[in-house]
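Chain and residue survey
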Amino acid sequence: MEMIQSPLPIFVIAVSLIAAGLIRLSKDRPNLREFWTIAAALVKFSLVLVMLRQVLAGQTLSYHLLTVFPGLDIAFRVDPLGIFFAVTASFLWIITSFYSIGYVRALHEHAQTRYFTAFAVALSATMGVAFSANLFTSFIFYEIITLCTFPLVAHKETPEAIRGARRYLTYLLGTSIAFQLPAIFLTYTAAGTLDFTAGGILAGKGSDTLIAVIFVLFMAGIAKAALMPFHSWLPAAMVAPTPVSALLHAVAVVKTGVFMILRVVLDVFGVDLLGEIGLGTALAYAASFTIIVSSVIALRQDNLKARLAYSTISQLSYVILGAALLTPAAVTGGIMHIVLHAFGKITLFFTAGAIYVTAHKTKISELDGIGRTMPITMTAFTIGALSMIGIPLFGGFLSKWYIVLGAVEAGQFPVIIVVAVSTVLNACYFLPIVYAAFFKPPRPEAAHANPGTGHESEHHVYWPWKKYGLEEAPLLMVAALTFTALGTIALFFAPSSFLALARMIAGG
Amino acid sequence: MIELIAGKYNYWIYITLMMIGFYAMIAKGNLIKKIIGLNIFQTAVFLFYISMAVREGSTAPILLSRAHGALTPETVTYTNPLPHVLILTAIVVGVSVTAVALALAIKIYRTYGTLDEYRIAKMEQGAE
Amino acid sequence: MRLHFPVLVVLIPLFGAILTFFSGIIRRAWAWYIAMAVTFVSFAISLDLLISVQTAGRISYWLGGWAPPWGIEYVVDYFSGYILVVISFISLMIAIFAGPYVKKQIGPEREVNFFALYLLLITGLLGMVITGDIFNVYVFLEIASLSGYALVAVGKKKGAVVASYNYLILGSVGAVFVLLGIGHLYMVTGTLNMADLRERLPELYHSRVVLTAFVFFVIGFGLKFALFPLHTWLLSAHSLAPSAVSAILAAAVLKVNLYALMRVMFTVFTPAFVYEAVPIQEIFFVIAPIAILVSSVMALAQTNIKRMLAYSSIGQIGYIVLGIALANETALTGSLLHVLNHALMKGGLFLLAGVIIYQTDRYHITDWKGLGKTMPLTMLVFTIYGLSMVGVPLTAGFVSKWYLAIGALEAGRWYFIPVILVSSLLTAVYFWRIIEWGYFHEPDDPEDAKDRCHVPWAMMIPIMIMAFLLLFFGVAAFIPEGLARQAAIMLLGAP
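Moving on: the overall build of chain A. When its secondary structure is counted, chain A shows 20 helices and three strands. At 22 Å, chain A has a C-alpha radius of gyration in line with the 23 Å of a compact globule built from 508 residues. Taken along its principal axes, the extent of the C-alpha atoms in chain A is 70 × 50 × 45 Å. Looking at chain A as a whole, 59% of its 508 residues are labelled buried. Long-range contacts, defined as pairs at least 24 residues apart, comprise 80% of the intrachain contacts of chain A with a sequence gap of at least 6.

Here it is as C-alpha cells:
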C-alpha cells in the first residue's frame, strides 16, 4: 500500500471547527448560521470523497501534525477503515443538518447556537477519531466527543436532562480515564509505541496475562461501544433532542466506540494474537450476551426512543461480534454493519423526532393509527425496522449474512443461534409498532392533539402538509427521513464501494 | 551511661530546653505563651550551635600580634568562630519572628478580645 | 554585568522592596509599577541564566570573590535554572494581577506595604533556589517565610490573622528543624557549601548524626511544603489569605520548599544514600497515595472555592512526592514537570477565584450559578484550568501525569496507576460541579445577569497567559520536558 503525505485529514477536521466558530459569530442571524452548518457539511463530505478515491486506488494518506513529547505524537492516517467510517458519518451529517434545522425551528428550541456549534465540533472530533494514526490521538478525540456532546445531551436544562447528561458524562469520561488510559499506559510500556499498525503492535511484547489484561481494559474503557455492563449511558442520553440521538447516539458517538474496538482488535492486538490467546472468543460471547439481553430489555420499553436506544446497544454488539470472530467474512460483516445500521437507525430516530414534533408523542402505546396521518413517516419507519430485522431487500440483511458466514468459517455455531434469536427479538419489538400505526384505529384523545401544526409563518420552516389532509412533520424533516430510508434500500442493491473497502480492511 | 549523660551534658540541656519549648507551643492555649515557647525552642538550637563550637581550654578567636607573647595561633586553641556568626544571624531571624508573632497576637487581641486559642476557635466556628 | 546575573536575580527584588517602601511615601501608585518592573527584570535574568546553563553548563558565582567552600557560592545548574524561571515567571504574573486586586480587596492604604512584602518574599524564594550554601538556604527561607506570614495576615478576612499565626508557629518549627539539620551536618563535616558537603558526606554515611540531620531536613521542609500529614496549617492559611497571596503561596512558596528538600536529598546527599540508608522511599510510598486520595475526597466535600483549592494542593504535592519516591528518570521528570504545571494551574486558579470574588464577593461555588452568562471569559478560562487539573490530554496537566504513570510502571509499581486515575476522576468531579453550575444553571438573581463584569484587564491578562501556557505546554510538551529531563538526569546521575 502506497503511503503519501497529505494534509487533507486536517482540513476535514478543521472544516467543521471553523464552521463552529462562524456559527457562533452569526448567532443573531439564524439563516446565515444554518448556511454555515450546511456548507461545512457539504465541504467536509466532498473532501472525504476526494480521499475515498485515493484510498480506493490503494493509497494511504498520512500526516504528522506534531510531537507532544518524544514518543507521543498527534498524527493522522487515512486508511480503508478510517475512510469507511468517515464517509458514513460525514454523509449522514448533511442529512441530519437539514433535519435538525426543521426540528429546532418547529419546536422553537432555545440555545440553538450552542446546539449547532456543539454539533459541528462533535463532527470534527468524529473525523479525528476516524483518521487517528495512533492510540493517543484517538484517545484525545474520543474525549473531545464526550465533552462537546455534553451540552447537546443537557440541552433542555431540565433537572432530568442534567441528570441524564451527568450520567452520560460519568460513564464515558469515567470509563475512558479509569480503563482506557491505563490500557494505553500498559500498551506504551509493553510495545514502546502507540501507532496503529496492520497486524498489531503487541504480538510477542508481553505475557498472555498482560495481553489479556490490556484487552479487557480496552473493552471496558471504550464504553462508547455500549458493551454490557457499560451501556446504561446510552438510554440516559436519550433526553437529548432527537436529531442528536439520531446522528450522535446512532452514528457518530456509538460508532466511534465500535470503530475504536475494531481499531484495537485489528491494529493494536492483531487478529493472530487474539486468536492465539482465545480472547476473540471471549469477546464474541460478551457481544452475544449484550445482543440478546438488550433486545429483551428493548421489548419492555414503552418510550420509543428508549426502545431504539436498547436496539442500538444490541446492534452495536453485532459489529463487535463480527470483529471478535476474527475471520475475514465476519470482520467484513462487522464493518458493513457500521454503515448499514447507521442508515437504518438514523431513519428510525428521524421518524421518532418527526412524530414528536408533529404529534408530541413519545410513547409507543400512543402511536395507534398514526400511520394514517403520517403515512410517509411511518413507511420510512417500516423500512428502517425491516432493515434492522435483516430482511433481504434492505441493507441490514447484508451484514448479518456476512457475520453468519464468518461464524461458519470460524466454526462458532452458537453465534448463528444468537443471530437467529436476536432477529426474532428484533421483529418482536419493531413489528408491533408498525402494526399499531397502520392497522389499529387512533385513540380518541389523541385525535386532536396536534399543537405542532398551524404556526407555519412563525417557524420559518416549510410545512406544506395541511392542504393534503396530512399531519406530517416539516418538509425538511420528512425529506431527510425519506432519503435515509431509500438509502437503506439502495445499500442492499449497490453496496459496492463500501463492500470493497470492508474487504480491503478484512483482507478477505 | 553516666558518661553518656555527663560527657555530653550540653546536648542534653539543649534537648531538654527544646522539649520544654515544644511543649509550650503545642500544649499552651495562650498565644503569648506559645510565642515564649517558640523563643525557648529557638534558643535551645542556638545553644546547640554555640556549644558545638567550643573546645576544651580554647579562647576567643582573636588574632593577637606576636609581640604580646605566648598567645599565637600556633600555641593556642581557638573556639570555632563560624557557629557564632551563624547564630548571630539566627538570633536576628529569631527576633524578627518574635516581632511578627507579637504583632499578629496584638491584631488577634484587637479582633477577638482574647488571646485564648480555644475561645478564638469557637468564635471562628460561630462565624461560619 | 552579565557575569553578576546570579547575584542580581536576588539583589534586584531586595532593593526593589526597599525602593517600593520609600517610593510609596511619595506616591502610592508607584509601588505596583516597581513590583512589576522588578519581577520582570528577575524573570528576564532567570531566563538568560537558564539559556547560559544550556550552552555553558553549571554556573558558579562566588559572592564577594571568596572561593567556595569558604565563601558563599551561588549555583545555577539545570535544576535551579529551571526552577528559577518557573518561580520568577509566576511572581511576575501575580505581581501584574495584584495591582487592581490589592487596591480593592486589601485597601489602597496597604498597597505599598503589600508590594514591599511581596518583593521580599520573592527575594527569599529566588535566594533559596539559587544559593549553593546550606546556611544561606535557612536565611532566605526565613526571609520568605516572614514576609509570607505577614502577607497572609494582610487581608480583610477576619480569620486570616489566626491562620497567619498558626502558619507562623508551625513554619518556625519547620525552619528551626532545618537549622538543626544544618547544625548536625556542620558538626560532622565542618562545611556549609553544598558541593563540598556532597564530597565529604559519603564517608560519614554510617554516622547517626548524619542520619538525624537528614530526618530533620525532611520534617523541616516537609512542614513547609505541607507534606501530608504536616499540612494542617496550609488549609486555613491558603484559604483565608487574599487570593493573590494564596496564589503565590501555592504556586511558588510550596514549590521552593520542595525544591530545597530535593536539593538536599539529591545534591547534598546522594540518591544512593537516600534510597538505601533511609526508608524514605517506603514512607513516601505510603504518604503520597494517601495525600492524593484523601485530599481529593476532602476537596470534593468543600463548597468554599479557596478551601477546595487548598485541599487540592495537598494532593498535587503528593504527586510530586510520589515522583521523587519512584526515583527513576521518567518519574522524576514527571515530578519536575508537575512543579511547573501545578505552579501554573494552582496559581491561576487562585487568581481566578480572586477574580470571581472581586466581581461577585461570593466564596461558595454553590452561589456561582449562571456565571457562564455573567462572566463568560472567566468561566471559559476556568474550564481550561479545570481540564488541566483533571489531566485531560492536550493540557499540561496530562503530560506530568503521563510521566508519573509511566514512571510507576517502569518501577514495577503498577498499583500507583489506579491512585492517579481515581484522583483524576475525583478532580474531574469537583471541577465539573463548578463548570456545570456556571454553564447549565440560570443565575439565582436575574439582576446578576445585568451586572456587567468590571474586572480590570490587568487581572485577566496574567490568568489568560497562564491558561495559554497550560495549553501550549500540553501540545508542545517537549519544551518543558527537555528541561525537566535534564534536571532529572542531573539529580539522579553521578556527581
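On to the overall build of chain C. Within chain C, the secondary structure is distributed over 21 helices and two strands. Over its C-alpha trace chain C gives a radius of gyration of 22 Å, about what one expects of a compact globule, namely 23 Å for 495 residues. Seen through its principal axes, chain C has C-alpha atoms that stretch 75 × 60 × 45 Å. Here chain C, with 495 residues, has 63% of them falling under the buried criterion.

Time to look at the interface of chain B and chain C. Across the contact, 25 residues belong to chain B and 21 residues belong to chain C. Looking at the side of chain B that touches chain C, the elements that each hand over two or more residues are helix 3 (31-53), helix 4 (81-112) and helix 5 (117-127) of chain B. Per element, the largest residue contribution to the side of chain B that touches chain C is 12 residues, and it comes from helix 4 of chain B. Here the residues of the side of chain B that touches chain C are counted per class, giving 18 nonpolar, four polar and three charged.

This next bit is on helix 19 (residues 475-493) of chain A. Taking 1.5 Å of rise per residue, 19 residues should cover 27 Å, and helix 19 of chain A covers 27 Å from first to last C-alpha, within 8% of that figure. Residues of helix 19 of chain A that are buried include every one of L476(A), M477(A), V478(A), A480(A), L481(A), T484(A), A485(A), G487(A), T488(A) and L491(A), and no others.

Take the pairing of strand 3 (residues 72-78) of chain A next. Residue and element names in this part refer to chain A. Of all seven residues in strand 3, six are buried, a share of seventy percent or more. Note: strand 2 (residues 59-69) against strand 3, seven bridges, orientation antiparallel. Bridge pairing in strand 3 links T67 to D73.

Moving on: the packing of helix 4 (residues 112-131) of chain A against helix 9 (residues 242-269) of chain A. All names here are of chain A. The N-to-C vectors of helix 4 and helix 9 enclose an angle of 25 degrees; their axes lie 10 Å apart at closest approach. For the element pair helix 4 / helix 9, the angle class is roughly parallel. Along this stretch, helix 4 crosses helix 9, giving a crossing that reads as left-handed. Mapping the contact onto sequence places A122, L123, T126, V129 and A130 in helix 4 and L248, A252, T256, F259 and M260 in helix 9. Residue composition of the contact of helix 4 with helix 9, by class: eight nonpolar, two polar and no charged.

Attention now moves to the confidence of the model for chain A. Averaged over chain A, the pLDDT score is 84; the fraction of residues at 70 or greater is 94%. By mean pLDDT, helix 18 (residues 456-459) of chain A is the weakest element of chain A at 46, and helix 11 (residues 279-299) of chain A is the strongest at 89.

About the thresholds
- Residues numbered from 1 in each chain as written.
- Chains lettered and ligands numbered in written order.
- Predicted model: local features only at pLDDT ≥ 70, side-chain atom pairs only at ≥ 80, totals over all residues.
- Helix = DSSP H or I, 4+ residues; strand = E, 2+ residues; numbered from the N terminus.
- Rg over C-alpha atoms; globule rule 2.2 N^0.38 Å.
- Buried ≥ 20, exposed ≤ 12 C-beta atoms within 10 Å, placed from the backbone.
- Contact = placed C-beta atoms within 7 Å.
- Nonpolar A, V, L, I, M, F, W, Y, C, P; charged D, E, K, R; others polar.
- Expected span 1.5 Å × (residues − 1).
- Pairing = 2+ DSSP bridges.
- Axes fitted to C-alpha atoms, helices over the stretch in contact; angles between N-to-C directions.
- Parallel < 35°, antiparallel > 145°, perpendicular 65-115°, else oblique.
- Left-handed = near helix turned anticlockwise from the far one by under 90°.
- pLDDT = per-residue confidence, 0-100.

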